[in-house]
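Summary of the model geometry
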Amino acid sequence: MNPQAKLIFATSLLMGTTITISSNHWILAWTGLEINTLAILPLISKSHHPRAIEAATKYFLVQAAASALVLFSSMTNAWHTGQWDITQLTHPTSCLILTSAIAMKLGLAPFHFWFPEVLQGSPLTTGLLLSTAMKFPPITLLYMTSQSLNPTLLTTMAILSAALGGWMGLNQTQTRKILAFSSISHLGWMAIIITYSPKLALLNFYLYTLMTAAAFLTLNSMKVLKLSTLMTSWSKTPTLSAMLLLTLLSLAGLPPLTGFLPKWLIIEELTKQEMAPTATIISLLSLLSLFFYLRLAYCSTITLPPHTTNHMKRWHTNKPVNASIAILTTLSIMLLPISPIILTIM
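Just so we're clear, the structure is a prediction, and the values are computed from it rather than from any experiment.

Analysis parameters
- Residues numbered from 1 in each chain as written.
- Predicted model: local features only at pLDDT ≥ 70, side-chain atom pairs only at ≥ 80, totals over all residues.
- Heavy atoms only, no water.
- UniProt positions renumbered as here; feature names shortened; annotations may be inferred.
- Helix = DSSP H or I, 4+ residues; strand = E, 2+ residues; numbered from the N terminus.
- Expected span 1.5 Å × (residues − 1).
- Contact = heavy atoms within 4.5 Å.
- Salt bridge = Lys/Arg side-chain N within 4 Å of Asp/Glu carboxyl O.
- Buried < 20%, exposed > 50% of the residue type's maximum accessible area, 1.4 Å probe, protein only.
- Axes fitted to C-alpha atoms, helices over the stretch in contact; angles between N-to-C directions.
- Left-handed = near helix turned anticlockwise from the far one by under 90°.
- Polar contact = N/O pair within 3.5 Å; in protein donor to acceptor, adjacent residues only side chain to side chain.

Under the feature "domain: NADH:quinone oxidoreductase/Mrp antiporter transmembrane" (unreviewed entry), the UniProt entry names residues 23–288. Across residues 23–288, the secondary structure splits into 76% helix and 0% strand, with the terminal C-alpha atoms separated by 38 Å.

As structure tokens, this is what we get:
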């Protein structure tokens, strides 16, 4: 793709996100979301492969429907209350429609079907944008309206997301689809806590972004798109494979890695809200996703490749590891000890 075009799309993404997160008026927030959608479409379909075109079409249709619902909910609220302010969303029907719209935008169950397909049709770098940057504006809208949202609906969607994200990721062999289902189950953890402690949901999103970025960039550096390629990558980049193992275990939420911090705090907050059964259910459901993270980790470091001509050993390269991967991996492994400092900043 032309570098000037790339620059324009990147700037548009940045502008769309900034407009949405800094706006108080619903129309401005909607405009930002639309700019974002239009800027990412060429990045999804840039390879001109039929699967990439299909992914871009699916993404466009889902996001257009979700944006229409956002506009509809804000208009309904304005009709009943005379308010266009985002924080003044008080009409119950509007809250219900908005929750559905944002769930569609994020890929939260039961509106998650488009996300794995779109991620599978996109390049890894675009997949990283779809999993992190594109989810930031809808998460901020949920954050701003959190006091008006229906906790029961969000809790139901969250448990459904954690369950489906875990179950549907179990039999996948494509790394992008596995990361898509991982994203769906992480969104469940964010949705369950957003009405009780919005700051905690944001903290969870930031840490999830760190860990997912580290995983995507590592896979991109190793040129890994499926598990069979991952099995042979240890001979090419042993250090990177070892780092990927730790990043994946951090995404799974195992102590003493960074990923344990948000889960620990969310379970603590749910217990304070007298929702211990819910906390137990979502913790047990996260064991499903732990299985496929362990499977990825096992493939990346522990297995020897099958000795067939299909999977030849790759040549060991001494190519230096990208600095951004090194920084992100360090952060996604070692932030748990400084959790008191993170909590005081929040």
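Right, picking up where we left off after that structure.
Another point: helix H15 (residues 323–334). End to end, H15 covers 16 Å across 12 residues, agreeing with the expected 16 Å (1.5 Å per residue, within 8%). Contacts from the buried residues of H15 go to helix H10 (198–222) and helix H12 (238–252).

Quick look at the pattern of salt bridges now. Side chains that differ in charge, positive against negative, can pair when their charged atoms come close. Enumeration according to the criterion identifies three salt bridges in this entry. A salt bridge links lysine 58 to glutamate 54; its shortest N-O distance comes to 2.8 Å. Highlighted residues: lysine 58 and glutamate 54, both in helix H3 (residues 50–81), separated by four residues, approximately one helical turn. Classification of glutamate 54 as partly exposed rests on a relative accessible area of 41%.

With that settled, the discussion passes to helix H7 (residues 136–145). Taken across its 10 residues, H7 has eight buried, putting it largely inside the fold. Residues of H7 that are buried include every one of Pro137, Pro138, Ile139, Thr140, Leu141, Leu142, Met144 and Thr145, and no others. Here the buried face of H7 lies against helix H1 (3–22), helix H2 (26–44), helix H4 (92–106), helix H9 (175–193) and H10.

In this section: the packing of helix H5 (residues 114–121) against H9. Between H5 and H9, the shortest axis-to-axis distance is 8 Å and the interhelical angle comes to 145°. Considering the relative orientation of H5 and H9, their crossing is right-handed. Contacts between H5 and H9 pair Phe115, Pro116, Glu117, Leu119 and Gln120 from the former with Arg176, Lys177, Leu179, Ala180, Phe181, Ser183 and Ile184 from the latter.

Moving on, we come to the environment of threonine 247. Relative to the helices and strands, threonine 247 is located in helix H12. Take threonine 247: its relative accessible area is 0%, and that puts it in the buried class. Sequence-distant contacts of threonine 247, that is, excluding residues within four places in its chain, are made with Met211, Ala214, Ala215, Thr329 and Ser332. Within the structure, the side chain of threonine 247 is placed 2.9 Å from the backbone oxygen of methionine 243, a separation counted as a polar contact.

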